[in-house]
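The chain contents come next:
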Amino acid sequence: MFDRASTFGETLDSPAGRAVLEKHLPGIAASPMAQQFRDARLGQLVALVPELEDPSARDALWAALAEVGDGTARAPHAPAIAPDPAYEGEDVPRGSAVPAAAAPTRRWDPLEVRLSGPAHGNPFVDVDLDALFTRPDGTTVRVGGFYDGDGVYVIRALADAEGEWRFETRSTARSLDGVTGRLEVAAAPVEAHGPVRVDGFHFRHADGARHRPIGTTAYAWTHQSEARQQQTLRTLAAAPFAKLRMCVFPKSYLYNANEPLDFPFVGSLAEGFDLERFDPAHFRRLERRIADLAALGIQADLILFHAYDRWGFSDLGPAVDERYLRYVIRRLTGFANVWWSLANEYDLLWSKDLDDWERLAAVIGEEDPFGHLLSIHNCRPFYDYGRPWITHVSVQRVDVYRTAENTDQWRQRWGKPVVVDECAYEGDIDQGWGNITGEELVRRFWEGAVRGGYIGHGETYYPPVLPADPAGPANPADTDDQEDDDEVLWWSKGGVLHGTSPARIAFLDRLIGEAPDGVWDPLPGDWDVPWGGDGGGRVRVGYFGFNRPRFRHVILGDGTWRVEVIDTWNMTIEEIPGHHTGQLRVELPGRPYIAVRLTRTDA
């Protein structure tokens, strides 16, 4: 029978299947572009049909498809596997596993308990392990453990308090059950601020330091060669970004045809995957990259599920989804610089419905006791960002042109910080989402910023061409000759930044940081000019975007003000001499991308 896992092509080739599609997906079934959708799953295509956003309409489609086809049912998904209660016999002394000597731990670092234990059978599914940690102040936290291969078990907490910690393990394996110990956590280094938390419509680190998620995207950078990964880290070290959006699973899509060296599960595309065994080496490398990002002051915004897949990872089934998710969260919850993105374009994951996402979000809540930020990202329809488990809004553009301009409305709609992780990418590929200019991307950053939100960067130049830019690329000494691959686009594989926007994004971030609280909120604006600034009325910023006035009459209001004209593209600030009151005609250069900043000087 046909279902959400069926491809559009195979369904269309069936007369009965075609009849169902022409009724329920007429805009796609009869489209001249139908040929390009032949390999797409029906569960993905429904996201492109506005009428099917209604769950009852989708249910009617699946019901109609279930009645046609050859009657062959698909193989069921793998079942859940309970830990083996007889994994170790009564002859094994309880708590006999010996903890390894603890590495020196500072506050906000991962705090680890490592145990040498049994390796027979399949510890990934046969054994469950956790520990109850007691912090120096007496509060307790339960942290799940994981098998790291070669008879090694790890329980990894986030060291969120200085002083002596105590722990006691609990396990279905006798040798790992009831192990106790003490660990010492030293003071945090000056540069470590702890995990990022929501602060109203903005963000702060746990120690109170302001965080602005000026982010970029390199989905599959950790699935490239070691040389490419190191090149990406060098680029990030010279770039302005404080957050990197990246996938746990590899990606299969345009310009993503290369096969990764390894995978979260043991196996390969050719030989298949053992969904009951994880590959610890794969995760150790991911952990090294997360630690590398932390050293650069960058948050790892980890995408846990996505639809761009040729290996079967987008349709593992509920039991394996949960097993994978618990393993990932247990391995990574001890890192302070991790954010969870439950899915990239959740509505394209054809094998999951809203109930699945709610169930998986509950798993994260159960396994992450340290409250890392958590959101979910859309393709077309928005998720309900009012859900209590969602800490911030993570969206992509909803219109070819207008997205950043909606930021203040989305703040009001959901009452949470808004991060537009994808508003289109600076580049020159043939896809409309990947060929806007650097000027347009920077304009969208400014439009979002004065409305109190945060816009995400991405770059899709192909083949890599350096645009003329007096500011220069992020790392001009680096090159793209690390390996034989002519499809290295930053948005997916990392490498080198070629675009003109990063320097201008850094300039914007500097200006926001100069506000009294280090953030901008939307202020009452003019019909043609949005205004933002600090809530205390000390700084106001108006942005003219692609308009190019020669002058503007600005009402200053009470007090005395310093007035500056900002060229957001050429990155210049020109102060109008004097201290001003009342109303002022501000002379402007008559070109686009100009802003005006007003700073009260008598407050």
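Residues numbered from 1 in each chain as written. Predicted model: local features only at pLDDT ≥ 70, side-chain atom pairs only at ≥ 80, totals over all residues. Heavy atoms only, no water.

(A) Layout of the environment of Pro76. Following the sequence through the fold, Pro76 ends up in the loop between helix H5 (55-66) and strand E1 (105-106). Looking at Pro76, the relative accessible area reads 75%, which means it is exposed. Taking the C-alpha atoms as reference, Pro76 lies 41 Å from Gln230; in sequence the two are 154 residues apart. (Helix = DSSP H or I, 4+ residues; strand = E, 2+ residues; numbered from the N terminus. Buried < 20%, exposed > 50% of the residue type's maximum accessible area, 1.4 Å probe, protein only.)

(B) Region of interest: the pattern of salt bridges. Evaluation of the coordinates by the stated rule reveals 55 salt bridges. The salt bridge involving Arg182 is made with Glu164; its shortest N-O contact spans 2.7 Å. Separated by 18 residues along the polypeptide, Arg182 in strand E7 (residues 180-186) and Glu164 in strand E6 (residues 163-171) bring together distant segments of the chain. Classification of Glu164 by relative accessible area gives partly exposed; the value is 37%. Between Asp408 and Arg451 there is a salt bridge; the shortest N-O distance is 3.9 Å. One end of the pair, Asp408, is in helix H11 (residues 407-414); the other, Arg451, is in the loop between helix H12 (438-449) and strand E21 (454-455), and 43 residues separate them in sequence. For Asp408, a relative accessible area of 21% corresponds to the partly exposed category. Note on Arg451: relative accessible area 13%, which makes it buried. (Salt bridge = Lys/Arg side-chain N within 4 Å of Asp/Glu carboxyl O.)

(C) Looking closely at unusual backbone geometry. Positive phi values are uncommon outside glycine, yet Tyr255 reaches one of about 60°. With respect to the helices and strands, Tyr255 occurs in the loop between strand E12 (243-247) and strand E13 (265-268). Of the residues examined, Tyr255 reaches a relative accessible area of 15% and is grouped as buried. Positive phi outside glycine occurs at Tyr593, with the angle close to 70°. Tracing the backbone through its elements, the reader meets Tyr593 in the loop between strand E27 (572-587) and strand E28 (594-600).

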